[in-house]
Amino acid sequence: METSVTTASEGRVWGGGNRPLDASYGKLMMWFFIVSDALTFSGFLASYGFSRFKFIETWPIADEVFTHVPFFHGNFPMYYVAFMTFILIMSSVTMVLAVDAGHKMIQKKVILYMFLTIIGGAIFVGSQAWEWATFIKGDYGAIETKGGRILQFVKADTGERAALADFAKTLPGERVDHERRNGIWFYQDKALPSFTVNEVTEGLLANPNILIRTETITEAGEKQLLTREESLTRIKDATEVVEGANLIHNEYGSRLFADFFFFITGFHGFHVFSGVVINIIIFFNIILGTYERRGHYEMVEKVGLYWHFVDLVWVFVFTFFYLV
Amino acid sequence: MAHEHKLEIFRGLLKFKSNTQKIWGVLVFLTIVTGVEVVLGITKPYVLTSNTFVGMKILNWIFIALTLVKAYYIAWDFMHLRDEKNSLRRAVVWTPIFLVSYLIFILLYEADYIYTVFRDGFVTWDF
């Protein structure tokens, strides 16, 4: 392994045992996988860029979408994502330390560092699940127009976003969720939002403090705010109340924004999840002493490459989804 | 698989005594870079958002540059590309860089064209 066939004889170049890249078969295959997986992620991120440049004037502003931190109320743009990034980088560090301890054949240390890596990965996946839940639930609610544009509401005096519940009127009337068990054809209608379009419209008419905010981004880099008169005309286009997000509607703006959020962070989260599973398998192998008997900890190094790659991808997702 | 590590970063400006120490050093550096990104993302200095370069805000160029810096240190020090043979490193790094730059170029160029169609076309999209 250490001193395999070097340049000793020209004739034996093709005879096997020659390692021009000085890396084992397993590591090379991992690099192959990483390069191809990097291209897959690049495809996702580039198509995100495509959609964003296509709708450059109406794309949602990420700072205004991801503003939550667990257990705290208020407006904290990006703090939580930054924390997640740090957790992932940190677990990358414990992974390198595990690889390093593996080179030195210190089993105890490899166990410790692998354990910390797994914990870091678990925290990250949990955080992402929380992010998804918050994103799907939504917070303010919005109106969708005939053309599929999203109209959000703002309080005129403070400039803060207004939730539908803050101003919508409750009109007498009966709305029943059409569930699958009631239908003749076992067909289920989509879940009813908390308010009808009518209730929101009436609420807007009755409350002079509420203005409409459109998707359009102004020169100043903020969403366009309509005047009271414009708001009253614009609300006539309303067709639907949107609360939260799914693949078809979302209250944040462009529909593609939510689609890409689910696809890109979902695909990445799936990578982290499988990374954690592989880490756990390797972790038990280390405890069992498999690699002590094998005489080297190359498996840790290989799974480490994958783990770092996942971290690397997150660095890009963080930039292109949350920062730029 | 030689286990020697190259222990200097920033082109030899900073030299570490052991591999472990280098790992922590790189962590500190990556944390600082992430911190700078977050601060810039929250404060959004007016100078950086009002000026553009090749159609994009200066701030966004800074974010992309910092991301590439982070990617470099993750790949070089965590994935040990610094210690690999030149041929392996180049094969791994330049292949995606070439393909991805091409992909980004064609997709963004096309997207910008579609944007102008939406903007200047005779069909209204905002109703």
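Residues numbered from 1 in each chain as written. Chains lettered and ligands numbered in written order. Predicted model: local features only at pLDDT ≥ 70, side-chain atom pairs only at ≥ 80, totals over all residues. Heavy atoms only, no water.

Asks: Which residues make up the overall build of chain B, and what values do they have?
Replies: Scanning chain B for helices and strands turns up 4 helices and 4 strands. In terms of overall size, chain B is more extended than a compact globule, its C-alpha atoms giving a radius of gyration of 20 Å where 127 residues would be expected to give roughly 14 Å. In terms of principal-axis extent, the alpha carbons of chain B reach across some 65 × 35 × 25 Å. By residue count, 37% of the 127 residues in chain B fall in the buried class. (Helix = DSSP H or I, 4+ residues; strand = E, 2+ residues; numbered from the N terminus. Rg over C-alpha atoms; globule rule 2.2 N^0.38 Å. Buried < 20%, exposed > 50% of the residue type's maximum accessible area, 1.4 Å probe, protein only.)

Asks: So, unusual backbone geometry: which residues are in play, and what are the values?
Replies: Residue and element names in this part refer to chain A. Of note, the phi angle at Asp-22 is positive, near 55°, even though the residue is not glycine. In this structure, Asp-22 sits in the segment before α1 (25-54). On the basis of relative accessibility, which here comes to 32%, the residue Asp-22 falls in the partly exposed class. Phi at Phe-71 is positive, roughly 70°, even though this residue is not glycine. Within the fold, Phe-71 resides in the loop between α2 (62-65) and α3 (79-103).

Asks: Can you lay out the interface of chain B and chain A for me, pointing to particular residues and giving the numbers?
Replies: Size of an interface: often given as the accessible area lost when the parts come together. Contacts between the two partners involve 49 residues from chain B and, on the opposite side, 62 residues from chain A. Summing both sides of the interface, chain B and chain A together bury roughly 5,000 Å²; the carbon and sulfur share of this comes to 74%. Taken together, chain B and chain A are joined by 3 salt bridges. The partner of Asp63(A) in a salt bridge is Lys44(B), and the shortest N-O contact between them spans 3.1 Å. Here chain B and chain A share 12 residue pairs in polar contact (both at pLDDT 80 or more) between them. Listing elements by their share of the side of chain B that touches chain A, those giving two or more residues are α1 (19-43), α3 (58-78) and α4 (86-120) of chain B. Ranked by residue count, the leading element in the side of chain B that touches chain A is α4(B), at 15 residues. (Contact = heavy atoms within 4.5 Å. Buried area = accessible area lost by both parts, 1.4 Å probe. Salt bridge = Lys/Arg side-chain N within 4 Å of Asp/Glu carboxyl O. Polar contact = N/O pair within 3.5 Å; in protein donor to acceptor, adjacent residues only side chain to side chain.)

Asks: For the environment of Thr67(B), give the residues involved together with the corresponding values.
Replies: You can see Thr67(B) is positioned in helix α3. Along the sequence, Thr67(B) and Phe10(B) sit 57 residues apart, while their C-alpha atoms lie 16 Å from each other. Not counting residues up to four positions away in its chain, the partners in contact with Thr67(B) are Val315(A), Phe316(A), Thr319(A) and Glu37(B).

Asks: Residue-level account of the domain arrangement of chain B, with values.
Replies: Residue and element names in this part refer to chain B. Along its sequence, chain B is organised into domain 1 (13-83) and domain 2 (84-122). Between domain 1 and domain 2, the contact holds 5 residues from the first and 4 residues from the second. Three residues, Trp-76, Leu-81 and Asp-83, lead the burial of domain 1 against domain 2; their summed loss comes to 83% of the area buried on that side. At the junction of domain 1 and domain 2, the tally comes to 0 salt bridges. On the surface where domain 1 and domain 2 come into contact, there are 2 residue pairs in polar contact (both at pLDDT 80 or more). Considered class by class, the residues forming the side of domain 1 that touches domain 2 number 2 nonpolar, 1 polar and 2 charged. (Domains from an automatic or database assignment. Nonpolar A, V, L, I, M, F, W, Y, C, P; charged D, E, K, R; others polar.)

Asks: I'd love a proper account of α3(A), names of residues and values included.
Replies: In a regular helix each residue adds 1.5 Å, so 25 residues correspond to 36 Å; α3(A) covers 36 Å between its end C-alpha atoms and thus fits that length. The element α3(A) is largely enclosed, with a buried count of 20 among its 25 residues. (Expected span 1.5 Å × (residues − 1).)

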